[in-house]
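Coordinate inspection notes
Residue-level listing of the chains:
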Amino acid sequence: MQTPAPPTPEVAPVEPPHRIVVRKMGLGFDDLPRWWLRDDPFGTHLVNGLHFVFPAGERFFIRSVRNYYTRLSRERKAEVAAFAAQEAEHQREHLACFEAIEAQGLDVQGFIQWYEKLMYEHVEPKVDPKVRLATTVALEHYTAVLGEFALTSDLLDGVHPVMRDLLKWHAAEEIEHKAVAFDVLQEIDPSYPLRVQGFAVASLGLFFFWGAGTLHMLRQEPWSHRLPTRQVLGYLLSRPFRTATRRWFDFLRPGFHPNDHDNLHLATDYLRSIGRLTH
Ligand SMILES: [Fe+2]
Ligand SMILES: [Fe+2]
């Protein structure tokens, strides 16, 4: 008599590792209103000031990481290529958006030219390549944290649809590739003081130019608007903002890795919801 085969133990399906996918969005900004954030000039220009620094910043990230390309492992090289391709798409869409803002009679290029010349012609060449890479790592951490905030707070509810699409897509991809530059730095020089130095440079540069870009835009408005103080306070006290603040400073913990923050599902949920998870 044949002995019955033992039941096959149930094996949990193994999730394949998440791939960084390059998506061409082709967003159109032709009907972008001047105050695209709920008709609020302050909020609009606060976010404008932030994304004005992105395109040149993204080119800087690509340069800083590619500088070490030949020294990287094969697996890392593939990630860097996908990371650079995603950043290139981000800057393409943001630049198209800037043209639409300028078409409304607002000056954007005056700020961009000043910022790019100062930061990337005068400052960047004087900075050690490893510090440039560490700065990129810290800025990538900032964009991932801001990305999580964009996908979890109600900041982008009710904004013009094309800006919502631009900022949420960008947010999702920043979360998707958040560990690439960090892992490159780990392969090149995992020194903790270097990482902290990058964080200091990144924080100084980001908040300075973000503030300058915002002021550049607000100065162009006939300032009869009231500051939405209550709304700003609401955001500062909100749970997503408090989480973002904790996440920011977690970067300074020795042993930190971007994947310690379990937020990839936010990116995949959003990308799935717009039918762009895989392409
Ligand atoms: Fe980006
Ligand atoms: Fe990025």
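So, a few notes on the structure that sits alongside this text. Quick caveat: nothing in here was measured; it's all calculated off a predicted structure.

1. Digging into the overall build of the protein
Each helix and strand in the protein was counted, giving 11 helices and zero strands. Traced from its N-terminal end to its C-terminal end, the protein shows the element sequence α-α-α-α-α-α-α-α-α-α-α. Whereas a compact globule of 279 residues would reach a radius of gyration of roughly 19 Å, the protein reaches 21 Å, a difference of no more than 12%. Seen through its principal axes, the protein has C-alpha atoms that stretch 95 × 45 × 35 Å. Buried positions account for 51% of the 279 residues belonging to the protein. Accessible surface computed for the protein: about 14500 Å², of which carbon and sulfur atoms make up 59%. Distance from the positive charge centre (31 side chains) to the negative charge centre (35 side chains) of the protein: 3 Å.

2. Description of the packing of aromatic side chains
On inspection of all chains with the given rule, the structure shows 22 aromatic pairs. Here the aromatic rings of Tyr-142 and Phe-199 are separated by 5.8 Å at their centres, their planes lie at 15°, and the arrangement is stacked. Here Tyr-142 is found in helix H5 (residues 129–152), whereas its partner Phe-199 is found in helix H8 (residues 192–218), with 57 residues between them in sequence. Taken together, a centroid distance of 5.9 Å and an interplanar angle of 80° make the contact between Tyr-142 and Phe-207 edge-to-face. Of this pair, Tyr-142 sits in helix H5 while Phe-207 sits in helix H8, and the two are 65 residues apart along the sequence. Phe-207 gets classed as partly exposed once you look at its relative accessible area, which sits at 40%. Clustering of aromatic rings is evident, with ring pairs tying together Tyr-142, Phe-149, Phe-182, Phe-199, Phe-207, Trp-210, Phe-241, Trp-248, Phe-249, Phe-251 and Phe-256. Of note, Lys-77 hangs over the ring of Tyr-69, and the distance from its end group to the ring centre comes to 5.5 Å.

3. Looking at the coordination of the iron ion (ligand 2)
Surrounding the iron ion (ligand 2) are the protein donor atoms Glu-87 (OE), Glu-140 (OE), Glu-140 (OE), Glu-174 (OE), Glu-174 (OE) and His-177 (NE2), which sit 2.0 to 2.7 Å from the metal. Around the iron ion (ligand 2) sit six donor atoms; with metal-centred angles ranging over 52 to 148°, the donor geometry is irregular. Positions of the donor residues of the iron ion (ligand 2), expressed as sequence spacing, correspond to E-x52-E-x33-E-x2-H.

4. Details of the packing of helix H4 (residues 109–123) against H8
Between H4 and H8, whose axes approach to 10 Å, the crossing angle comes to 160°. With respect to their mutual orientation, H4 and H8 come out roughly antiparallel. Here H4 and H8 pass one another in a crossing that is right-handed. Judged by residue contacts, Gly-110, Phe-111, Trp-114, Tyr-115, Leu-118 and Met-119 of H4 engage Phe-208, Phe-209, Ala-212, Gly-213 and His-216 from H8.

5. Section: the environment of Glu-89
Looking at where Glu-89 falls in the secondary structure, it is placed in helix H3 (residues 74–102). Once residues lying within four places of it in the same chain are set aside, the contact partners of Glu-89 are Val-22, Arg-23, Lys-24 and Trp-169. Of note is the side chain of Glu-89, whose polar atom sits 2.9 Å from the side chain of Arg-92.

6. Structural notes on the side chain of Asn-48
Mapped onto the elements, Asn-48 comes out in helix H1 (residues 41–51). The exposure class of Asn-48 is buried, given its relative accessible area of 1%. At a separation of 3.1 Å, a polar atom in the side chain of Asn-48 contacts the side chain of Trp-36. Setting aside anything within four residues of it in sequence, one finds Asn-48 in contact with Trp-36 and Ile-101.

How each quantity is defined
- Residues numbered from 1 in each chain as written.
- Chains lettered and ligands numbered in written order.
- Predicted model: local features only at pLDDT ≥ 70, side-chain atom pairs only at ≥ 80, totals over all residues.
- Heavy atoms only, no water.
- Helix = DSSP H or I, 4+ residues; strand = E, 2+ residues; numbered from the N terminus.
- Rg over C-alpha atoms; globule rule 2.2 N^0.38 Å.
- Buried < 20%, exposed > 50% of the residue type's maximum accessible area, 1.4 Å probe, protein only.
- Areas by Shrake-Rupley, 256 points an atom, 1.4 Å probe, with all protein chains shown as cover.
- Lys, Arg positive; Asp, Glu negative; His and termini not counted.
- Charge placed at Lys NZ, Arg CZ, Asp CG, Glu CD.
- Phe/Tyr/Trp six-rings, centres within 6.5 Å; stacked < 30°, edge-to-face > 60°.
- Lys NZ or Arg CZ within 6 Å of the ring centre and 35° of its normal.
- Donors = N, O, S within 2.8 Å, 3.2 Å for Na, K, Ca; no water.
- Tetrahedral: all angles 85-135°; square planar, octahedral: opposite > 155°, others 65-115°.
- Axes fitted to C-alpha atoms, helices over the stretch in contact; angles between N-to-C directions.
- Parallel < 35°, antiparallel > 145°, perpendicular 65-115°, else oblique.
- Left-handed = near helix turned anticlockwise from the far one by under 90°.
- Contact = heavy atoms within 4.5 Å.
- Polar contact = N/O pair within 3.5 Å; in protein donor to acceptor, adjacent residues only side chain to side chain.

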